Structures are given as structure tokens and as C-alpha cells.
Amino acid sequence: MRETAQRPTRPRSPRRRRIPALTAAALSAACLAGALVGPAQAQAAKTASAPRSADKAAAPAAFTHPGVLVGRSQLDFIRGKVQAGSAPWKGAYDAMMASKYGSLSYTPKPRAVVECGPYSDPNYGCTDERQDAIAAYTHALAWYVTRDDRYAKKAIEIMDAWSATIKDHTNSNAPLQTGWAGSVWPRAAEIIRYTYTGWPNVNRFATMLRNVYLPKVINGSNSNGNWELSMMEAAVGISVFLDDRASYDKAVARYLNRTQAYVYLESDGALPKTVPGSGLDTKDKIVKYWQGQSTFVTGLTQETCRDLTHTGYGISAISHVAETSRIQGEDLYPKVGERLRQALGFQSKYDLGASVPSWLCGGTLKDKLGPVTEVGFNALHNRLGYPMDNTQKLTEQQRPAGTNNLFVAWETLTHADNSG
């Protein structure tokens, strides 16, 4: 029920020689699970304390731009593959451009106040905001691939419309909504700001992110884990765009704590880890928070027994922050890679149709992960060389990955076998 953990027997290409980096840093998380290391290595790693990892979070001395989810070398890779007509990137690009988000006639629908209640009731601007952010990102990617000014101008039009209008997010789902939209805006903005000449209102957009979005997400949430993980994704991306080292450090520290409390490893002990200040101080409270699941196995997440879709949100945000950190030269994969690998593998197995045992969520799992596996699979399998059979099968089966219309978009295009 875990991802296969055996070492590859065939030599890896030079771009995959970073395997030991993940192994060394993942020891404390994996030593009892035996997932990536041998007994001698696990014994040597006992002095490494996973809970202290958040204490060591540090922003880079200078941020790399563009650098939110995709960096310049990745963008160059994408452009080259699409222009060469190579699979799967050309097909993924064509699917992106055939979507409503890629239309040059796309019209943004900004609101001064976006009000989002539970289960999208009420939904005053929530869908519009998320879709507009994805459209801006779509056009930014199209600009980079084609160098057609019309796409850059459309991305700017969408971002300017919102920066001139929005003042607040309200109602119970405001933190999550801000996290979702706030995760995507910086991706688009980074590409346009640092690869296109001519965005007069860029400072107004920065002010919007600083004043409207960052305060809503930076302090996190005690709701289900996907909330805080998405909020920290937004906070990290915004911090990169704003060159805000203090906010970046704060967001990464919270992200690391939340990640280890979201994905269980056997090395955690009898019960999952909890976030400091969560109030989850008894077994009964923890079991209730984990959707009533009382049997804990490697790769299980806090929301697996809720449904795979929400679990996918959490897994996706974990991978997105790790990817941004790698671009920034402060690689978090050594800290979160084993949890991400096992979470992907465990959920992918059941998404592919494996029989659910009675001890797991009462023998029933709901829904599907969605298009969320490409980033983690590329980082851990393609770059680092770890076999991930379940995740690989699901990832390839779902290509080209599209968008969940919330905060995940076009990741076959951006991350399939992308070594940048």
C-alpha cells in the first residue's frame, strides 16, 4: 500500500544524481517506515528531529524571478517542447489553449468584495475570481510559449481589473478562497513582470497582494489541513512576488508543521503529529479530526477518509510550495519529500481502483484526486529517481492534466518530465 521503495537498478542520468540529498534529509521521517533508507542509515539518522525542521526555514538572500511554481529554465523547457511539437507537452498546450481560459476574448469579472460561504453559498464572485486568476496564468504561459504580445496584454488586463477593484474577501470560506486565488495570481504575475516589458500597474497589483490577500492567509487556519496548506501556498507565492523574506519564512515554517501533521508516516509513532496550538491533545480528538480513522498507516492523510478530492488539494499545495522553494534555492523536498511520495502513492493506488480494506475509512473511499500528481511525481521520480509505480500509472493515465478550476492548472504542460 506504499509506493515501491526499491532503488532503481539501472544507472540514472546525470540530472537524477541528487537522490542522496532527499535520502539524507528524509531519514528521520522514514526511518521506521523503511521507505527510502536502510537500517544502518535509519539508526544514524536518529539525531535528526523532524519537528525542528520548521525552525530552520529561511528565505533566500535574494529571490529568484520568475519563481512561483515555474522558473525560467522550466518555462524555456516548455517553450522548446511545444515549438517542437513534442508529446505530451504540445497536446497539453493545445488543450490549455482550447479551454475558455485561453481565449483572447476572455473578460474578467472583478468585484470589490468577494463573499464565499460554506459549500459556495453564497457565491458572490468566488468562481469568477478563481477563474480569472487561472485565465491570467493561462495567458501568461501562452505569452511565454508564443511571444505573442496579445497574451501578455490579456494577462495584464485581467490582473489590472482585479487590482483596481477588490478590497476584501468575506464570509466563512474567505480564508480558503483567498488561498486558492492567491496561489494562482503570483504565478501569472511573476511570468509577466519578469519576462514582458510593459506593465504600468504592476505596483498596484503588488499592493493588492500585500493588503488584500496576504493578511487573510499568513496566519493559517485550524480547519481541515487542505485549508492551511493552500493558504501557505498563497503566502509563499505572494512573498516571492513581494520579495518579502519575513512573510516567506513565516509561511514556510507553518507549511512544514502542517505538512507533517497532514501526512502520516509510521515513524511518527502511534498517532499522527499535530500542529502546535491546534488543541488536538488526546487520541479521541485526533481520531475525530482524521475523519474517524483510528488505524494509521504510512501515506494516509488527515482527509483521506473525507474524500480523495480534498486530499488532492492538500497534496497539491504541498508539492507546489516545495517546487517554489526549490526554484528559490531553499529546497524543501528533503523535509517533505517522503511524506509527499507516500501520500501520492497511497491515494493513487485507490484512485486506480484497488479494493479498499474494511479498516480504511469503513471500506469506502469517495471521489478522485484530480489533476494533482504531476508536480510531485516529476520532482521525486523524474528528478530524484525514486520509483513511484502507482503515481506514475495514475499520472500518465490522466494526461494531459487540465485544471480543477480552483488553483491547479496545466501541470502536464508545466511539469511533465521537466528537469528545469
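Residues numbered from 1 in each chain as written. Predicted model: local features only at pLDDT ≥ 70, side-chain atom pairs only at ≥ 80, totals over all residues. Heavy atoms only, no water.

An unreviewed UniProt entry annotates the protein as Alginate lyase family protein of Streptomyces lonegramiae.

Draft legend 1. Local environment of the overall build of the protein. When helices and strands are tallied, the protein shows 16 helices and five strands. A separation of at least 24 residues holds for 77% of the contacts in the protein among residues at least 6 apart in sequence. Counting every atom, the protein has about 15500 Å² of accessible surface; 49% of that belongs to carbon and sulfur. (Helix = DSSP H or I, 4+ residues; strand = E, 2+ residues; numbered from the N terminus. Contact = heavy atoms within 4.5 Å. Areas by Shrake-Rupley, 256 points an atom, 1.4 Å probe, with all protein chains shown as cover.)

Draft legend 2. Main features of the state of the cysteines. The final tally for this structure, using the stated rule, is two disulfides. Disulfide pairing places Cys 116 opposite Cys 126 at an S-S distance of 2.1 Å. Between Cys 116 and Cys 126 the disulfide shows an S-S torsion of about -125°. By sign, it is left-handed. Separated by 10 residues along the polypeptide, Cys 116 in strand S3 (residues 113–116) and Cys 126 in helix H5 (residues 126–146) bring together distant segments of the chain. Here Cys 116 and Cys 126 have matching classes, each one buried. (Disulfide = S-S within 2.5 Å. Buried < 20%, exposed > 50% of the residue type's maximum accessible area, 1.4 Å probe, protein only.)

Draft legend 3. Inspection of the environment of Lys 283 at higher detail. Inspection of the secondary structure assignment puts Lys 283 in helix H11 (residues 283–289). What makes Lys 283 partly exposed here is its relative accessible area of 48%. Remark: the alpha-carbon pair of Lys 283 and Ser 294, spanning 11 residues in sequence, is separated by 8.8 Å.

Draft legend 4. Quick peek at the confidence of the model for the protein. Of the residues in the protein, 86% have a pLDDT of 70 or more, and the chain-wide mean is 89. Per-residue pLDDT stays below 50 along residues 1–55; that stretch engages in 107 contacts with residues further than four places along the chain or on separate chains. (pLDDT = per-residue confidence, 0-100.)

Draft legend 5. Region of interest: the pattern of salt bridges. In this structure the tally under the stated criterion is 16 salt bridges. Lys 216 is the partner of Asp 168 in a salt bridge, and the nearest nitrogen-oxygen pair spans 2.8 Å. You can see Asp 168 sitting in strand S5 (residues 168–170) and its partner Lys 216 sitting in helix H8 (residues 202–217), a full 48 residues away along the chain. Overall, the relative accessible area of 27% leaves Lys 216 in the partly exposed class. Residue Arg 383 pairs with Glu 323 through a salt bridge whose shortest N-O separation is 2.7 Å. With Arg 383 in helix H14 (residues 374–383) and Glu 323 in helix H12 (residues 308–327), this pair connects stretches of sequence that are 60 residues apart. Here Arg 383 matches Glu 323 in class, with each residue buried. (Salt bridge = Lys/Arg side-chain N within 4 Å of Asp/Glu carboxyl O.)

Draft legend 6. Structural detail: the sheet that holds S5. Taken in spatial order, the three strands of this open sheet run S4-S3-S5, and their pairing is mixed. Each edge of the open sheet carries a strand with a single partner, namely strand S4 (123–124) and S5. As paired elements, S3 and S4 share two bridges and run antiparallel to each other. Each residue of the ladder has a partner; that of Cys 116, found in S4, is Asn 123. (Pairing = 2+ DSSP bridges.)

Draft legend 7. Region of interest: the pairing of S3. By the alternation rule, side chains of S3 split into Val 114 and Cys 116, which are all buried, and Val 113 and Glu 115, of which none is buried. A loop of six residues connects S3 with S4, the two strands running antiparallel in sequence, and Tyr 119 in this loop sits at a positive phi of about 55°.

Draft legend 8. Main features of unusual backbone geometry. Cis rather than trans, the peptide bond between Asp 121 and Pro 122 has omega equal to 5°. Looking at the element boundaries, Pro 122 is found in the loop between S3 and S4. For the bond from Arg 399 to Pro 400, the omega torsion is -5°, close enough to zero to count as cis. Its location among the elements puts Pro 400 in the loop between helix H15 (389–398) and helix H16 (411–415). For Asp 367, which is not glycine, the phi dihedral falls at a positive 65°. Within the fold, Asp 367 resides in the loop between helix H13 (333–351) and H14. The class of Asp 367 is partly exposed, set by a relative accessible area of 48%. Even without being glycine, Asp 417 reaches a positive phi, approximately 45°. The class for Asp 417 is partly exposed, based on a relative accessible area of 30%.

Draft legend 9. Geometry of the packing of helix H10 (residues 245–262) against H12. Across the interface, H10 lies against H12 with an axial gap of 11 Å and an inter-helix angle of 135°. The angle between H10 and H12 falls in the class oblique. Both H10 and H12 take part in a crossing whose hand is left-handed. Residue-level inspection shows Tyr 248, Tyr 255, Thr 259 and Tyr 262 of H10 in contact with H12, the latter providing His 310, Thr 311, Gly 314, Ile 315, Ala 317, Ile 318, Val 321, Ala 322 and Ser 325. A breakdown of the residues in the contact of H10 with H12 according to their chemical character gives eight nonpolar, five polar and no charged. (Axes fitted to C-alpha atoms, helices over the stretch in contact; angles between N-to-C directions. Parallel < 35°, antiparallel > 145°, perpendicular 65-115°, else oblique. Left-handed = near helix turned anticlockwise from the far one by under 90°. Nonpolar A, V, L, I, M, F, W, Y, C, P; charged D, E, K, R; others polar.)

Draft legend 10. Examining the packing of aromatic side chains more closely. With the rule as written, the count across this model stands at 14 aromatic pairs. With 6.0 Å between their ring centres and 90° between their planes, Phe 205 and Phe 241 make a pair best called edge-to-face. Of this pair, Phe 205 sits in helix H8 while Phe 241 sits in helix H9 (residues 225–242), and the two are 36 residues apart along the sequence. Between the aromatic rings of Trp 290 and Phe 296, the centroid separation amounts to 5.6 Å while the plane-to-plane angle is 90°, which identifies the pairing as edge-to-face. Summarising the burial analysis for this pair, Trp 290 and Phe 296 share the class buried. Pairwise contacts between aromatic rings join Trp 162, Trp 185, Trp 199, Phe 205 and Phe 241 into one cluster. For Arg 187, the ring lying beneath its charged end belongs to Tyr 137, and the centroid distance is 5.5 Å. (Phe/Tyr/Trp six-rings, centres within 6.5 Å; stacked < 30°, edge-to-face > 60°. Lys NZ or Arg CZ within 6 Å of the ring centre and 35° of its normal.)

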